[in-house]
Amino acid sequence: PRGGNVVTTINPRLQRVAYNQMRNGCNGGCRGAVVAIAPNTGKILAMVSTPSYDPNKLASHDQSVRETAWSSWNDPNGSEPMLNRAINQLYPPGSTFKVVTTSAALGAGVVGANDTVSCPGVASVDGRTIPNEDEFALGQVSMGTAFARSCNTTQAMLSSGLTDTALRDTAAQLGIGTEMTIPGLDAYTGEVPVAEQGPARVEASIGQGTVTASPFGLALMSASVAAGGNLVLPTFFQGEPATVPNPPAPLDPAVASTIQDYMRQVVTSGTGTGAGGIPDLRGKTGTAETGMGDPHGWFTGYAGDLAFAVLMQEADSSKPAVSMAANFLSQAPY
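Residues numbered from 1 in each chain as written. Predicted model: local features only at pLDDT ≥ 70, side-chain atom pairs only at ≥ 80, totals over all residues. Heavy atoms only, no water.

(A) Seen up close, the overall build of the protein chain. In terms of helices and strands, the protein chain carries twelve helices and 13 strands. A globule of 334 residues ought to have a C-alpha radius of gyration of about 20 Å, and the protein chain, at 19 Å, matches this closely. Taking the principal axes of the C-alpha coordinates as reference, the protein chain spans close to 65 × 40 × 40 Å. Among the 334 residues that make up the protein chain, the fraction classed as buried is 53%. Carbon and sulfur atoms make up 47% of the accessible area of the protein chain, which amounts to about 13,900 Å² in all. Positive and negative side-chain charges in the protein chain, numbering 18 and 26 respectively, have mean positions lying 10 Å apart. (Helix = DSSP H or I, 4+ residues; strand = E, 2+ residues; numbered from the N terminus. Rg over C-alpha atoms; globule rule 2.2 N^0.38 Å. Buried < 20%, exposed > 50% of the residue type's maximum accessible area, 1.4 Å probe, protein only. Areas by Shrake-Rupley, 256 points an atom, 1.4 Å probe, with all protein chains shown as cover. Lys, Arg positive; Asp, Glu negative; His and termini not counted. Charge placed at Lys NZ, Arg CZ, Asp CG, Glu CD.)

(B) Examining the pairing of strand β11 (residues 282–288) more closely. Most of β11 is tucked away: six of the seven residues are buried. The sheet contact formed by β11 and strand β12 (residues 296–303) spans seven bridges and is antiparallel. The residue bridging Gly283 from the neighbouring strand is Gly301, located in β12. (Pairing = 2+ DSSP bridges.)

(C) Molecular detail of the sheet that holds strand β13 (residues 306–312). Spatial ordering of the open sheet is given by β2-β1-β13-β12-β11, a layout of five strands whose pairing is antiparallel. The open sheet has two edge strands, β2 (44–50) and β11, and neither has a second partner. Averaged over all pairs of adjacent strands, the angle between their axes in this sheet comes to 5°, without regard to strand direction. When β12 meets β13, the two strands line up antiparallel, connected through seven bridges. Its bridge partner being in β13, Gly301 is matched across the sheet by Phe308. (Axes fitted to C-alpha atoms, helices over the stretch in contact; angles between N-to-C directions.)

(D) Layout of the packing of helix α5 (residues 98–108) against helix α11 (residues 253–269). Contact geometry for α5 and α11: axes closest at 10 Å, N-to-C directions at 140°. Regarding the angle of α5 to α11, the classification is oblique. In this structure, α5 meets α11 at a crossing whose hand is right-handed. Between α5 and α11, the contacting residues are Val99, Thr102, Ser103, Leu106 and Gly107 on the first element and Val255, Thr258, Ile259, Tyr262 and Met263 on the second. Taken together, the residues of the contact of α5 with α11 sort by class into six nonpolar, four polar and no charged. (Parallel < 35°, antiparallel > 145°, perpendicular 65-115°, else oblique. Left-handed = near helix turned anticlockwise from the far one by under 90°. Contact = heavy atoms within 4.5 Å. Nonpolar A, V, L, I, M, F, W, Y, C, P; charged D, E, K, R; others polar.)

(E) Broad picture of the packing of aromatic side chains. Scanning the entire structure with this criterion turns up four aromatic pairs. Ring plane angle 70° and centroid distance 6.3 Å describe the contact between Tyr91 and Trp298, whose orientation is recorded as edge-to-face. Separated by 207 residues along the polypeptide, Tyr91 in the loop between α4 (69–72) and α5 and Trp298 in strand β12 bring together distant segments of the chain. Across the pair, exposure class does not vary: Tyr91 and Trp298 are buried alike. (Phe/Tyr/Trp six-rings, centres within 6.5 Å; stacked < 30°, edge-to-face > 60°.)

(F) Region of the structure containing the pairing of β2. Most of β2 is tucked away: seven of the seven residues are buried. With six bridges connecting them, strand β1 (residues 32–37) and β2 associate as antiparallel partners. Counterpart to Ile37 in the pairing with β2 is Ile44. With antiparallel pairing between neighbouring strands as the criterion, β1 and β2 make up a hairpin whose turn holds six residues, including Gly42 at a positive phi of roughly 80°.

(G) Structural context of the packing of helix α10 (residues 215–226) against α11. Between α10 and α11, the shortest axis-to-axis distance is 9 Å and the interhelical angle comes to 115°. Of α11, the residues touching α10 (which contributes Ser222, Val225 and Ala226) are Ala256, Ile259, Gln260 and Met263. In the contact of α10 with α11, the residues fall into five nonpolar, two polar and no charged.

(H) Here's a closer look at the environment of Glu240. Checked against the element boundaries, Glu240 lands in strand β10 (residues 240–241). We classify Glu240 as partly exposed; its relative accessible area is 40%. In the structure, Glu240 is positioned 197 residues away from Lys43 in sequence and 9.8 Å away in space, judged by C-alpha atoms. With sequence-adjacent residues up to four places away left out, Glu240 is seen in contact with Pro183 and Thr235.

(I) Representation of unusual backbone geometry in the model. A cis amide bond links Thr50 to the next residue, Pro51, at an omega of 0°. By the secondary structure assignment, Pro51 is in the loop between β2 and α2 (55–59). Even without being glycine, Ser150 reaches a positive phi, approximately 60°. For Ser150, the position within the fold is in the loop between α6 (143–148) and α7 (152–159). Positive phi, close to 50°, is recorded for Glu314, a residue that is not glycine. Structurally, Glu314 can be placed in the loop between β13 and α12 (319–330).

Below, the structure written as structure tokens:
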């Protein structure tokens, strides 16, 4: 008998817009990824990794290289035609992970939604010295302002009041590191190890150290925030949502609402103002040090029923990712 049709949730228009943005940007092509998810349904609407597959580039390599290309091969000329950055590669998330750290701190009562916090240019916490970008200092500000302006030092100080498992457990509530099976898709969301008090936890609090995430994982995080703190079950085959064997408890709705407000401030008065022309956009920027080359740039968030994550590898800042996201959303029917 004939096999049945398999229908994916990918929206062809959104996929084309995302691909064209990444292909035509960065002076002829970007290294990075765009993922878009509908928070209300979990449908994966777009999933782009660039440079994309080019069989002509791969054909010149020997058989042994081709056999390992799917998971780990890097083209020495930089074309990397088989590297799926959207779902199979993990990167330090940088300051986008402050969504998790702040959620954990709010949930544990380490900080209140309307509290005043300190944002010095440099802070030494639990054996680790953390600077803000260019060591900017804001002094005493609201928690929302510290989040919107992406104060590393504030997040580092909050981490001292968390338990060893707080970052891991809160990340799982939002989809990062959560064990799940997605029919038709072999995707990784990220890894957030248990962090004992000390330098490792301080680094983790700002999305560095051993914390990693994929663009898919960060899009899922933003979708779950948009869904009021309820873990969104992603769907790639129509009608077949992901299954989670041990689903985490939802994030406290009050915490989710506060994070939504903070993410709005990022766009209206913080590090994401470059996308301020997108109505009702909420987001979080990130610049992630890798120890090799320029830092990666991130922007993740949601507008209407469209959550997204943009990764721009070695962009040196989050600004190119913010610009790319704004261009994408300006053409997206969300």
